[in-house]
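# Structural overview for review
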Amino acid sequence: MTLKVKVPVWIGVDVGTTGVRATAYTATGKAVASTEAFYSLETPQYDWAEQNPQQIYDAVEEVVKGTVAELQYKLVTISGLALSSVMHSFIPQDDKFQLLGNMMTWADSRSAAIVRRLEQDPKVKEFYFNTGCPLHACYPLAKILWVKENQPSVFERMTHIGSIKDFIFRNLTGEWVTDKSVASSSGLYNAHKECWDEEILNFIGITEKCLPEVVSTTHSNALLPDVANRLGLPAGLPVVIGATDGVLVNVGIGAVSAGQLSCTIGTSGAIRMLTEKPRMDKQNRTWCYNLTDNMWVAGGAINNGGMILRWMRDRILHLHGPQMEQLDVDPYDLMTMKARHVPAGSGGLLLMPFFTGERAPYWNSDLRGAFIGLSLNHSRSYMIRATMEGICYNLLCVLQALRDFEDVKDIRVSGSFTKSELWMQIMADVFNESITLPTNSEGASFGAAVLGFISDGTLKDIKDTAELVTAQEVYTPKAANREVYDELFSIYESLYVNMKDDLAPFTSNRTIRLIVYNIVFGE
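Residues numbered from 1 in each chain as written. Predicted model: local features only at pLDDT ≥ 70, side-chain atom pairs only at ≥ 80, totals over all residues. Heavy atoms only, no water.

### Quick look at the overall build of the protein
We count it as follows: In this text, helices come from DSSP runs of H or I with a minimum length of four residues, and strands from runs of E with a minimum of two, each type numbered from the N-terminal end. In this setup the radius of gyration rests on C-alpha atoms only. A globule is expected at 2.2 Å times the number of residues raised to 0.38. Whether a residue is buried, partly exposed or exposed follows from its accessible area with a 1.4 Å probe, protein chains only, as a fraction of its type maximum: under 20%, in between, or over 50%, in that order. For this analysis, residues touch if any pair of their heavy atoms sits within 4.5 Å. Counted as positive: Lys and Arg. Counted as negative: Asp and Glu, with His and the chain ends omitted from the count. To locate a charge, take NZ of a lysine, CZ of an arginine, CG of an aspartate or CD of a glutamate.
Looking only at helices and strands, the protein has 20 helices and 23 strands in total. For a compact globule of 523 residues, the expected C-alpha radius of gyration is about 24 Å, and the protein comes in at 22 Å, within 12% of that figure. Expressed along its principal axes, the backbone C-alpha trace of the protein runs to roughly 70 × 65 × 50 Å. Put simply, the protein has 523 residues, and 59% of those count as buried. Taking contacts inside the protein between residues at least 6 apart in sequence as the whole, the part at least 24 apart equals 73%. Across the protein, the mean location of the 46 positive side-chain charges is 1 Å away from that of the 59 negative side-chain charges.

In structure tokens:
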């Protein structure tokens, strides 16, 4: 009689903008159990985007507990937990780690006016070449300055400055540290010296004592006994701190060799490529964050990805609510079906997808969205396709910057947009590049699990994933669409140059800001 051997798994916990997923993976990349939960993004004022970190941590416990329960009757043994999290979060805490306010998320741009002022200082603009983080309101550097100038009492009491990653890791293990990936995406970390940047800390008026110790992305500590008991796990189980979701996507989908890129569209979007050392762009178009001790990720993230299609669904098409549930139809499937009947280029309709300002490659929080070229011949179907195309035009701007670093050999995609074959074909056409949908398109959680397997010696290096992830489908550009997309992209670039200065009043004028806020977030 042959006894079946239990297979070791790591549970990758991916903390996203509005939800968290815990997925158990084997070392071969097979997902054997998964649970997800959701939480809200609060927008109490124009340009504010906050969350309660305790609510997010509670959701983390919920999904880990759910995944552990799923694994109970499977032939697996749980080796540990490994974390992935969103970037650029900022949590102010006092000397006892009590919250002094909600967490500011990457989408919070209340510090945009401060950034505009900093951009006039040549010395501050040079910070980019130390940190790899362009000046922008998404970064904790700007958020801390906002608190200093607008909430001085909070700033004075703020003795611990953290992120959602170190908040979760401390709750799980009792240790307050942060990983190199989170640190390098803060705007406060010197990528070359691999330490908190003393010049920048002095500039914003804080000390290194306010910040957590920076550790490797494979650093681990033991799960606290009381937490382990709640989760149904053994006390002392290792928890690997992991990295940020942005850089882990490359690992999770096997884009780990020179010339391989990952492209993601979820709530936001991004394109990334691996590099063995920090790479900074002469035009400040891209960022560069740490992944492992000997690997970095250069790339660019856009604010406005799938959230714009959700806006279309809810505000323009009204495809939500009980009526859609009764039809038992996915509204995004319906939107894709309508857009499929629209020709490439959407009849000359262009979307400038800057609804929440923009990060790469423009780093301009003043930008706002616009449909250009609307005519009486355009219907909502045209607007849907123009939305998909506009987001791809914006990502193409980032891709052009990365082409200056290295030739593109392969682009692998992940995120919720991979559910739409049409959208992936549009990307291939706009980029004029082949697009590969890998067998594992949920990259970040598997990427976190890979760091777990590296920490226990099962895997030697992140490049081991290249053999684990294969192509499910390849989308090649259609020559027939090349001319129309080349022409429209040229117009898109020109429109940005001509619009960027005229859009500033929409964010600097308080009356206009409140009108826009009430339109977007009001009932």
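Moving on, there is more to tell.
### Examining the packing of helix 11 (residues 245–252) against helix 17 (residues 443–455)
Packed helix pairs are characterised by how far apart their axes lie and by the angle those axes make with each other. Short version of the rule: To define axes, lines are fitted to C-alpha atoms, for helices over the stretch in contact only, and angles between the resulting N-to-C directions are given on a 0 to 180 degree scale. We call two directions roughly parallel when the angle between them is under 35 degrees, roughly antiparallel when it is over 145, roughly perpendicular when it lies between 65 and 115, and oblique otherwise. Under this grouping Gly is polar, as are all residues other than the nonpolar Ala, Val, Leu, Ile, Met, Phe, Trp, Tyr, Cys and Pro and the charged Asp, Glu, Lys and Arg.
Across the interface, helix 11 lies against helix 17 with an axial gap of 7 Å and an inter-helix angle of 80°. Between helix 11 and helix 17, the interaxial angle falls into the category roughly perpendicular. Seen from helix 11, the contacting residues are Asp245, Leu248, Val249, Val251 and Gly252; seen from helix 17, they are Gly443, Ala444, Phe446, Gly447, Ala448, Val450 and Leu451. For the contact of helix 11 with helix 17, a count of residues per class yields 8 nonpolar, 3 polar and 1 charged.

### As for the pattern of salt bridges
The line we're drawing: Should a side-chain nitrogen of Lys or Arg be within 4 Å of a carboxyl oxygen of Asp or Glu, the pair is scored as a salt bridge.
Tallied over the full model, the rule gives 18 salt bridges. When the shortest N-O distance is used, the salt bridge between Arg116 and Asp366 registers 2.4 Å. Taken together, the residues span a long stretch of sequence, with Arg116 in helix 2 (residues 112–118) and Asp366 in the loop between strand 19 (350–352) and strand 20 (370–372) at a distance of 250 residues. Linking Glu389 and Arg385 is a salt bridge whose minimum nitrogen-to-oxygen distance equals 3.0 Å. You can see Glu389 and its partner Arg385 sitting in helix 15 (residues 380–403), 4 residues apart, about one turn around the helix.

### Some words on the sheet that holds strand 16 (residues 269–275)
Defined as follows: At least two bridges found by DSSP between two strands are what make those strands a pair.
Taken in spatial order, the 7 strands line up as 17-18-16-15-21-22-23 in an open sheet, and their pairing is mixed. Both edges of this open sheet fall to strand 17 (287–292) and strand 23 (471–475), since each of them pairs with a single strand only. Sheet twist, expressed as the mean angle between neighbouring strand axes with direction ignored, is 30°. Relative to strand 22 (residues 435–438), strand 21 (residues 410–414) is paired through 2 bridges, and the arrangement is parallel. Each residue of the ladder has a partner; that of Arg412, found in strand 22, is Thr436. Sheet strands in contact with helix 11 are strand 15 (260–265), strand 16, strand 17, strand 18 (295–302) and strand 21, and its direction is about 65° off that of strand 16. Against the sheet, helix 16 (residues 421–431) makes contact with strand 15, strand 16, strand 21, strand 22 and strand 23, and its axis sits at roughly 145° relative to strand 22, the strand it touches most.

### Digging into the environment of Ser216
What counts is decided by this rule: The definition of a polar contact used here is a pair of N or O atoms within 3.5 Å, where within protein one atom must be able to donate a hydrogen and the other to accept one, and adjacent residues in sequence count solely through side-chain atom pairs.
Position of Ser216 relative to the elements: it lies in the loop between strand 12 (213–215) and strand 13 (220–222). Along the sequence, Ser216 and Lys419 sit 203 residues apart, while their C-alpha atoms lie 34 Å from each other. Among the polar contacts made by the side chain of Ser216, one reaches the side chain of Thr218 at a distance of 3.1 Å.

### Overview of the nonpolar core
Filter applied, for reference: In plain words, nonpolar cores are sets of buried Ala, Val, Leu, Ile, Met, Phe, Trp, Tyr and Cys residues tied together by side-chain atoms within 4.5 Å.
Membership of the largest hydrophobic core comes to 97 residues, with the highest contact counts inside it found for Ile271, Leu291, Leu395, Met427, Phe431 and Tyr492. Per-element tally for this core: the top contributor is helix 15, with 13 residues. Once residues lying within four places of it in the same chain are set aside, the contact partners of Ile271 are Leu261, Ser262, Cys263, Ala298, Gly299, Gly300, Leu395, Val398, Leu399, Leu402 and Phe431. Counting 40 residues, the second largest nonpolar core, distinct from the first, contains Val13, Ala59, Leu71 and Val86.

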